[in-house]
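An overview of the molecular structure
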Amino acid sequence: MNAQEVLDYAKKNDARQFDLRFTDLPGLSQHISYPISMLDEGSFEDGFGIDGSSIRGWAAINESDMLIIPDGSSAFMDPFAETRTLVMLGDIIDPITRQHYDRDPRWIAKKAELFLKNGGQADTAYFGAEAEFFIFDNIRFDQNQHSGFYFIDAEEGRWNSSREHNNLGYRPRYKEGYFPVPPTDHYQDLRSEMVATMLECGLAIECHHHEVATGGQCEIDQRFDTLVKSADNMMLYKYIVRNVAYQYGKTVTFMPKPLFGDNGNGMHTHQSLWSQGKPLFAGDNYAGLSQMALWYIGGLLRHARALSAIIAPTTNSYKRLVPGYEAPVNLAYSRRNRSAAVRIPMYSNSPKAKRVEFRPPDPASNPYLAFAAMLMAGLDGIASKIDPGEALDKDIYDLSPEEMKKVPSMPASLDEALTCLEEDHAFLTKGDVFSEELIETFVSYKRKAEAEAVRLRPHPYEFALYYDI
């Protein structure tokens, strides 16, 4: 919608407020609201002032003034607000230079799309991400100088099988949640309402189901779209999932590994390149792939350890990326094999369906940064003609120790991943998609606010291990 169409849409839907949203560096959605009378055609050029110094990873206090410019193409009516509210995403602009702000994650994703088109290798990158989540009944956690704990309560939690009240059985066994019918699947109706709300807000949904873990792990699959649009859609997806659950008195987490001993939340990301409406990843090579697709895979695998800081960006991410829980620790590619970091889905022989699925990402990542970084790694693979090596069609976890030594692996911690990013990020700075300053800011923030903060604090399990030592 252009400016006038947005105004007409707001009037038609009796909007009383409008809400402008953007995403901070770690990937949380932020917003500011105005009376609808503040919105006119000039707003789409002049924007609205905000304080950027209070946003994580953004401007210093002496350069805090920013503008947020509404993007009319993203407009929808908020399905949860009691006051009729029009929602739009905004692009962050420097008020002095009138240039896009380099730390705005959405602008980084847009620059990745521009780099793709300018390179002449393709004109469109499609991304389809599958973000998993847990539905819990209650969550308590705290950390201070002398105590630290978390406690999860979930009606579908296997550990709650001895509940005295509200216990009707029908709980999935660990790693057996994929996918029983109700009543073992407690959340069919809740997911159905989530899907209905997503459709109402303009998302294209393909399916939904219970996931492998107990404790209410679920997945709702969106249809693929262009890079920036898919990232926009992921932010809206998370907003809807959380708020529908909240209305039911439930709480949702996209945290990669909230439960010990069961599968974690992944965000397997399907990717393909197209040119002038034609798919470029279909061919006569392994698994029906083109040479371009194999080089793209080579780029993903070559840079996967550096990518991990962006696509698996939390200390908790590396509790998911361990063997035995369907998480791809080892860097290899294969058709069908879900233990490989890159899988080539074989559901269809259609050239349009040919794609690669990168499995290490998790939904704690900022989708704008994650999708842009994966595209840049793949494009570097094409430009440098990186050979991905031989495919690995065995179950990786059944390989002998000698065979395993030949397979590179993901980092074991966020700190290690950040070091990998520091050492290997030239592929990200091509075309100034990611600036050196942005990468330095990201690494510094993650080290100080997360990796070091967790390392400094005693862990509850350390008391079980060491209290009597």
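Look a little higher up for the structure.
Below or above, wherever it landed, is the structure these notes cover. Values in this document were obtained by computation on a predicted structure and should not be read as measured data.

Examining the nonpolar core
Counting residues in each nonpolar core, the largest one holds 95 residues, and the members touching the most others are Phe133, Met194, Tyr237, Leu273, Leu375 and Phe434. The element contributing the most residues to this core is helix α9 (residues 367–384), with 12 residues. Non-local contacts of Leu375, meaning those with residues more than four positions away in its chain, are made with Ala112, Leu116, Ala125, Phe127, Leu227, Leu273 and Tyr296. Within the second largest apolar cluster, 22 residues are counted, among which are Ala3, Ala75, Leu86 and Ile92.

Side note on unusual backbone geometry
Pro182 connects to Pro183 through a cis peptide bond whose omega is 10 degrees. When you line up the elements, Pro183 lands in the loop between β8 (148–153) and α4 (188–200). One non-glycine residue, Arg98, lies in positive phi territory at about 60 degrees. Taking relative accessible area as the criterion, Arg98 reaches 42% and is therefore assigned partly exposed.

A short note on the pattern of salt bridges
Following the criterion strictly, the structure yields 22 salt bridges and no others. Between Lys446 and Glu450 there is a salt bridge, with its nearest N and O atoms 3.0 Å apart. Residue Lys446 and its partner Glu450 are both found in helix α13 (residues 436–456); the two are separated by four residues, about one turn of the helix. The pair Lys446 / Glu450 is uniform in exposure class, with both members buried. Several salt bridges share partner residues, and in doing so they unite Asp71, Asp91, Arg106, Lys110 and Asp232 into one network.

A short note on the pairing of strand β2 (residues 29–35)
Pairing of strand β1 (residues 17–23) with β2, which is carried by seven bridges, proceeds in the antiparallel orientation. Bridge pairing in β2 places Phe22 opposite Gln30.

Focus on a negative patch on the surface
A contiguous patch of negative charge on the surface is contributed by Glu5, Asp8, Asp40, Glu41, Glu45 and Asp46. Of all the elements in the fold, those that place two or more residues in the negative patch are α1 (3–12) and α2 (43–46). Along the chain, Glu41 falls in the loop between β2 and α2.

Description of the side chain of Ser230
Structurally, the position occupied by Ser230 is in helix α5 (residues 227–247). Judged by its relative accessible area of 8%, Ser230 falls in the buried class. Apart from the residues within four sequence positions on either side, Ser230 is in contact with Phe127, Phe224, Asp225 and Phe371.

With respect to the packing of aromatic side chains
The final tally for this structure, using the stated rule, is 13 aromatic pairs. Taking the centre distance of 5.2 Å and the plane angle of 75 degrees together, the rings of Tyr126 and Phe224 count as edge-to-face. Residue Tyr126 is located in strand β6 (residues 124–136), and its partner Phe224 is located in the loop between β10 (217–222) and β11 (225–226); the two are separated by 98 residues in the primary sequence. Accessibility expressed as a relative area gives 35% for Phe224, which makes it partly exposed. Among the aromatic side chains, those forming a connected cluster through ring pairs are Phe18, Tyr34 and Phe48. The side chain of Arg21 reaches across the aromatic face of Tyr239, ending 4.1 Å from its centre. Against the face of Phe254 rests Lys238, its NZ or CZ located 5.4 Å from the ring centre.

Here's the deal with the environment of Ser435
In this fold, Ser435 is placed in the loop between α12 (426–429) and α13. The exposure class of Ser435 is buried, given its relative accessible area of 12%. For the pair formed by Ser435 and Ile108, sequence separation is 327 residues and the distance between their alpha carbons is 9.2 Å. Within the local environment of Ser435, its side chain forms a polar contact with the backbone nitrogen of Leu438, the two atoms lying 2.9 Å apart.

Looking at the sheet that holds β2
Taken together, five strands build an open sheet; the order of strands is β2-β1-β5-β4-β3 and the sheet is mixed. Looking at which strands have only one partner, the edges of the open sheet turn out to be β2 and β3 (48–51). Sheet twist, expressed as the mean angle between neighbouring strand axes with direction ignored, is 40 degrees. Of the strands in this sheet, β4 (65–77) and β5 (85–93) touch α1, which is tilted by about 150 degrees from β5. Its contacts with the sheet put helix α3 (residues 105–119) on β1, β4 and β5, and the angle it makes with β5 is roughly 70 degrees.

Thoughts on helix α6 (residues 291–302)
Over its 12 residues, α6 extends 16 Å from the first C-alpha to the last, a length consistent with the 16 Å expected when each residue adds 1.5 Å. Burial of α6 is extensive: nine of the 12 residues sit out of reach of the surface.

Observations regarding α1
Among all positions of α1, only Ala3, Val6 and Ala10 are buried. Buried residues along α1 cover an arc of 60 degrees about the axis, so they all sit on one side. Exposed residues lying more than 90 degrees from the buried face of α1 are Lys11 and Lys12. Tucked inside the fold, the buried residues of α1 contact α2, β4 and β5. Just beyond α1, the residue with positive phi is Asp14, at close to 55 degrees.

Conventions adopted
Residues numbered from 1 in each chain as written. Predicted model: local features only at pLDDT ≥ 70, side-chain atom pairs only at ≥ 80, totals over all residues. Heavy atoms only, no water. Core = buried A, V, L, I, M, F, W, Y, C linked by side-chain atoms within 4.5 Å. Buried < 20%, exposed > 50% of the residue type's maximum accessible area, 1.4 Å probe, protein only. Helix = DSSP H or I, 4+ residues; strand = E, 2+ residues; numbered from the N terminus. Contact = heavy atoms within 4.5 Å. Salt bridge = Lys/Arg side-chain N within 4 Å of Asp/Glu carboxyl O. Pairing = 2+ DSSP bridges. Patch = residues over 30% accessible without salt bridge, like charges linked within 9 Å, V, L, I, M, F, W, Y side chains within 5 Å. Areas by Shrake-Rupley, 256 points an atom, 1.4 Å probe, with all protein chains shown as cover. Lys, Arg positive; Asp, Glu negative; His and termini not counted. Charge placed at Lys NZ, Arg CZ, Asp CG, Glu CD. Phe/Tyr/Trp six-rings, centres within 6.5 Å; stacked < 30°, edge-to-face > 60°. Lys NZ or Arg CZ within 6 Å of the ring centre and 35° of its normal. Polar contact = N/O pair within 3.5 Å; in protein donor to acceptor, adjacent residues only side chain to side chain. Axes fitted to C-alpha atoms, helices over the stretch in contact; angles between N-to-C directions. Expected span 1.5 Å × (residues − 1). Arc of directions from axis to C-beta.

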